[in-house]
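Examining the three-dimensional arrangement
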Amino acid sequence: MPAARRLVRNPAAWYAALLAVGVTVTHALPVDDAERLRAWASTDLANLRPWPAGHPVEALVASAFVPQGDGWAWPLLALSGFTVVAVLGRLRAVLVLALAHAGATAVTEGMVWWRIRHGGLLPDAAFELDTGPSFVVVAAMVIAAGCARRVWWRVVWSALLVASAPELLDGLPDGDVAAVGHVLAALTGLAVVVAHHVRRRHRPAEREPARAPSRAPRRSQGRSQGRSQR
């Protein structure tokens, strides 16, 4: 299969490209329009309410392509998705990263709901802006750091994870929901890494064919019998 065709069929390429488009669009729009876009794509409690009060599916999908702040580094970090596809295949890679994004979002917004309900946060927290590809990208980077075929790629992704950790985990001791979500996404990626290496360790033993008992060629057996009869 030509390289261009493989690239087009790779979901990691599409995600990195669409994420770059999302970053470009949010920077090109006027400030007010960009904020309205982020507010619509936000996976806050208000948007996650069932339709017609909210739009949970649209928000979950769109938030993975609409970063907050500068955001130019995210498309580059999202290239770690190529390793995820190489390890898991196209469908499994999409499912795992979507699970990391949706699962971390569900847990963190559940924390917000719990705190509002018990007086830990004001009701306005239900509308707090929550967008960005970080849950997807963190899970992909952990998988790339643990499963990349070439050691130097593992070193690259590990170094980028370490460099990003202070910002990603900022506020974790205080229960910051974004930091908690990053931990959950990293744990999802780590589970994939462990499963991958366990599967590789047992694969040779499972596929090793049983050796048939060695037999002497029939011609030699016939000749030896003939000689013994003589």
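Everything below is about the structure printed above this text.
Since the structure is predicted, the reported quantities are computational estimates derived from the model, not experimental observations.

Cut-offs applied
- Residues numbered from 1 in each chain as written.
- Predicted model: local features only at pLDDT ≥ 70, side-chain atom pairs only at ≥ 80, totals over all residues.
- Heavy atoms only, no water.
- Helix = DSSP H or I, 4+ residues; strand = E, 2+ residues; numbered from the N terminus.
- Contact = heavy atoms within 4.5 Å.
- Core = buried A, V, L, I, M, F, W, Y, C linked by side-chain atoms within 4.5 Å.
- Buried < 20%, exposed > 50% of the residue type's maximum accessible area, 1.4 Å probe, protein only.
- Phe/Tyr/Trp six-rings, centres within 6.5 Å; stacked < 30°, edge-to-face > 60°.
- Axes fitted to C-alpha atoms, helices over the stretch in contact; angles between N-to-C directions.
- Parallel < 35°, antiparallel > 145°, perpendicular 65-115°, else oblique.
- Left-handed = near helix turned anticlockwise from the far one by under 90°.
- Nonpolar A, V, L, I, M, F, W, Y, C, P; charged D, E, K, R; others polar.
- Expected span 1.5 Å × (residues − 1).
- Bend = angle between axes of the 7 residues up to and from the residue.
- Patch = residues over 30% accessible without salt bridge, like charges linked within 9 Å, V, L, I, M, F, W, Y side chains within 5 Å.
- Areas by Shrake-Rupley, 256 points an atom, 1.4 Å probe, with all protein chains shown as cover.
- Salt bridge = Lys/Arg side-chain N within 4 Å of Asp/Glu carboxyl O.
- Lys, Arg positive; Asp, Glu negative; His and termini not counted.
- Charge placed at Lys NZ, Arg CZ, Asp CG, Glu CD.

In terms of helices and strands, the chain carries 11 helices and zero strands. Secondary structure elements of the chain occur, N-terminal to C-terminal, as α-α-α-α-α-α-α-α-α-α-α. Residue pairs at least 24 apart in sequence account for 72% of intrachain contacts in the chain once pairs closer than 6 positions are excluded.

This paragraph deals with the nonpolar core. Counting 35 residues, the largest nonpolar core has Tyr15, Val84, Leu88 and Val137 as its most contacted members. Per element, the largest residue contribution to this core is 12 residues, and it comes from helix α8 (residues 134-147).

Next up on the list: the packing of aromatic side chains. Given two aromatic rings, one states the distance between the centres and the angle between the planes to describe the pair. Tallied over the entire structure, the rule returns four aromatic pairs. Ring centres 6.4 Å apart and planes at 55° place the aromatic pair Trp113 and Trp114 in the tilted group. Judged by its relative accessible area of 44%, Trp113 is partly exposed. The interplanar angle of 20° and the centroid separation of 5.9 Å between the aromatic rings of Trp153 and Trp157 together place this pair among those described as stacked. With a gap of four residues between them, Trp153 and Trp157 both fall in helix α9 (residues 151-168), about one helical turn apart.

The packing of two helices is summarised by the inter-axis angle and the distance between the axes. Between helix α6 (residues 81-88) and helix α7 (residues 90-117), the shortest axis-to-axis distance is 7 Å and the interhelical angle comes to 125°. By the angle between their directions, the pair α6 and α7 is classed as oblique. Between α6 and α7 lies a crossing whose hand is right-handed. Across from Val84, Val85 and Leu88 in α6, the residues of α7 making contact are Arg90, Arg92, Ala93, Val96 and Leu97. Taken together, the residues of the contact of α6 with α7 break down into six nonpolar, no polar and two charged.

For α9, which comprises 18 residues, the first-to-last C-alpha distance of 24 Å matches the rise-based estimate of 26 Å (1.5 Å per residue) to within 8%. Of all the bends found along α9, the most pronounced is centred on Val162 and spans about 25°, while Pro166, a proline, follows it within four residues.

This part is about a negative patch on the surface. A cluster of acidic residues, Glu128, Glu167, Asp170, Asp174 and Asp176, forms a negative patch on the protein surface. Tracing the sequence through the fold places Glu128 in the loop between α7 and α8.

Before going further, it helps to examine unusual backbone geometry. Following Trp51, the chain continues into Pro52 via a peptide bond in cis, with omega recorded as 10°. The residue Pro52 is located in the loop between α3 (31-41) and α4 (56-63) in this model.

Read these as spatial facts, not as claims about activity.
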